[in-house]
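The primary structure of each chain is shown beneath.
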Amino acid sequence: MKQDERLRMWIEQGNVSIPQLFFNSYKKLGITDTDAMLILQMEAYHTQHIEFPTPSDFSSRMNLTENEVSQVLQRLMQKGYLKIAQASENGVLFEQFSLLPLWEAVLDSTISIQNDQIEVKDKEEEGQIFHVFEQEFGRLLSPMECETIAMWIDQDHHGIEIIKAALKEAVIAQKLSMRYIDRILFEWKKKKVTTLSDVEKQTKSFRSPPQSIRQGKAQGTVKRVPLYNWLEERDR
């Protein structure tokens, strides 16, 4: 057989498309390698428009007896990954295998894994924030200070990056105290500051000197613009 004929035959046979997420998730879902292969065969039959292959059909392609195929199908249905659905074409009803429950379970499993990873990352960042404070304070935090930081996270729902930004603001102002940082976070929450971009806008507006000061600085009569004192901020 010529090379081009072999290639044409390969293309005409088509391909079976299986989501990569399935291969990442099926072990966690309790699907065995044998189960997975039968699922691949089922998808292969689907591409051939064979929607309800029999145990005999599967057995002809796999190293399983018809009885073993029936056991795999029953196991997949018991786990809720496979169902028999009814469909119609030109007014004729027929039954077909549906793997929709399996794909939904794969997506749920993937989302669960991602959420677990995010939760682990958040916990790691929360643990690191105490170390960051201790580095800046140059000492171990007291239990009360640790509780204050925990309240910022759990009760006030400040993001870790926002808390770090407030700490940085206190360091720049040379007013390194929990009370000062708490006031910064209070003002930012009141002004709906939730991102580092919002923080930058707030600090930039506070540190931009009035036009008269900018003119004086240009003329050499004003040399320094005082930092913004968050403790002087009052409710309006």
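Preceding block: the structure.
Residues numbered from 1 in each chain as written. Predicted model: local features only at pLDDT ≥ 70, side-chain atom pairs only at ≥ 80, totals over all residues. Heavy atoms only, no water.

## Structural notes on the pattern of salt bridges
Okay, so step 1: Tallied over the full model, the rule gives 6 salt bridges.
Okay, so step 2: Close ionic contact of Glu145 with Arg139 constitutes a salt bridge, the shortest N to O distance being 2.7 Å.
Okay, so step 3: For Arg139, a relative accessible area of 38% translates into the label partly exposed.
Okay, so step 4: For the salt bridge of Arg183 with Glu187, the shortest nitrogen-to-oxygen distance reads 2.6 Å. With Arg183 and Glu187 both in helix α9 (residues 178-190) and 4 residues apart, the pair spans about one turn of that helix.
Okay, so step 5: With relative accessibility at 0%, the residue Glu187 sits in the buried group.
Okay, so step 6: Because the salt bridges share partners, they merge into one network encompassing Arg183, Glu187, Lys190 and Lys191. (Salt bridge = Lys/Arg side-chain N within 4 Å of Asp/Glu carboxyl O. Buried < 20%, exposed > 50% of the residue type's maximum accessible area, 1.4 Å probe, protein only. Helix = DSSP H or I, 4+ residues; strand = E, 2+ residues; numbered from the N terminus.)

## A look at the environment of Tyr81
Okay, so step 1: Residue placement: Tyr81 occurs in the loop between α5 (66-78) and β1 (83-89).
Okay, so step 2: Look at Tyr81 and you get buried, because its relative accessible area is 11%.
Okay, so step 3: Put simply, Tyr81 and Glu104 are 23 residues apart on the chain and 8.7 Å apart in space, counted from C-alpha to C-alpha.
Okay, so step 4: Among all residues touching Tyr81, those that are not within four sequence positions of it are Leu29, Ile31, Leu76, Ser98, Leu99, Pro101, Leu102 and Ala105. (Contact = heavy atoms within 4.5 Å.)

## Quick look at the packing of helix α7 (residues 143-154) against α9
Any two packed helices are characterised by the angle at which their axes cross and by the distance between the axes.
Okay, so step 1: Close contact between α7 and α9 brings their axes to 11 Å; oriented N to C, the two are set at 5°. What the angle tells us is that α7 and α9 run roughly parallel. Counting all contacts with α7, which are made through Glu145, Thr148, Ile149 and Trp152, the residues of α9 involved are Met178, Ile181, Asp182 and Leu185.
Okay, so step 2: Considering only residue class, the contact of α7 with α9 consists of 5 nonpolar, 1 polar and 2 charged. (Axes fitted to C-alpha atoms, helices over the stretch in contact; angles between N-to-C directions. Parallel < 35°, antiparallel > 145°, perpendicular 65-115°, else oblique. Nonpolar A, V, L, I, M, F, W, Y, C, P; charged D, E, K, R; others polar.)

## What about the packing of aromatic side chains?
Okay, so step 1: For the structure on display, the rule yields 7 aromatic pairs.
Okay, so step 2: A centroid spacing of 5.5 Å and a plane angle of 75° characterise the contact between Phe22 and Phe23, whose relative ring orientation is edge-to-face.
Okay, so step 3: On the accessibility criterion, Phe22 (0% relative accessible area) is buried.
Okay, so step 4: Here Phe133 and Trp152 contribute two aromatic rings whose centre-to-centre distance is 6.0 Å and whose plane-to-plane angle is 45°, an arrangement assigned as tilted. Highlighted residues: Phe133 in helix α6 (residues 100-137) and Trp152 in helix α7, separated in sequence by 19 residues. Both residues of the pair, Phe133 and Trp152, belong to the buried class.
Okay, so step 5: What links up through ring pairs into an aromatic cluster is the set Phe22, Phe23, Tyr26 and Trp103. (Phe/Tyr/Trp six-rings, centres within 6.5 Å; stacked < 30°, edge-to-face > 60°.)

## Quick word on α5
Okay, so step 1: Across its 13 residues, α5 extends 18 Å between first and last C-alpha, which sits within 8% of the 18 Å expected from 1.5 Å per residue.
Okay, so step 2: All of the buried residues in α5 are Val69, Val72, Leu73 and Leu76. For α5, the angular spread of buried residues about the axis comes to 95°, placing them on one side. For α5, exposure combined with an orientation more than 90 degrees from the buried face picks out Asn67 and Gln78.
Okay, so step 3: Looking at the packing, one finds that the buried side of α5 touches α3 (33-47), α4 (55-61) and β2 (92-98). (Expected span 1.5 Å × (residues − 1). Arc of directions from axis to C-beta.)

## Looking at unusual backbone geometry
Comment: phi is negative for the bulk of residues other than glycine, and the bulk of peptide bonds are trans.
Okay, so step 1: Positive phi values are uncommon outside glycine, yet His157 reaches one of about 60°.
Okay, so step 2: Relative to the helices and strands, His157 is located in the loop between α7 and α8 (160-173).

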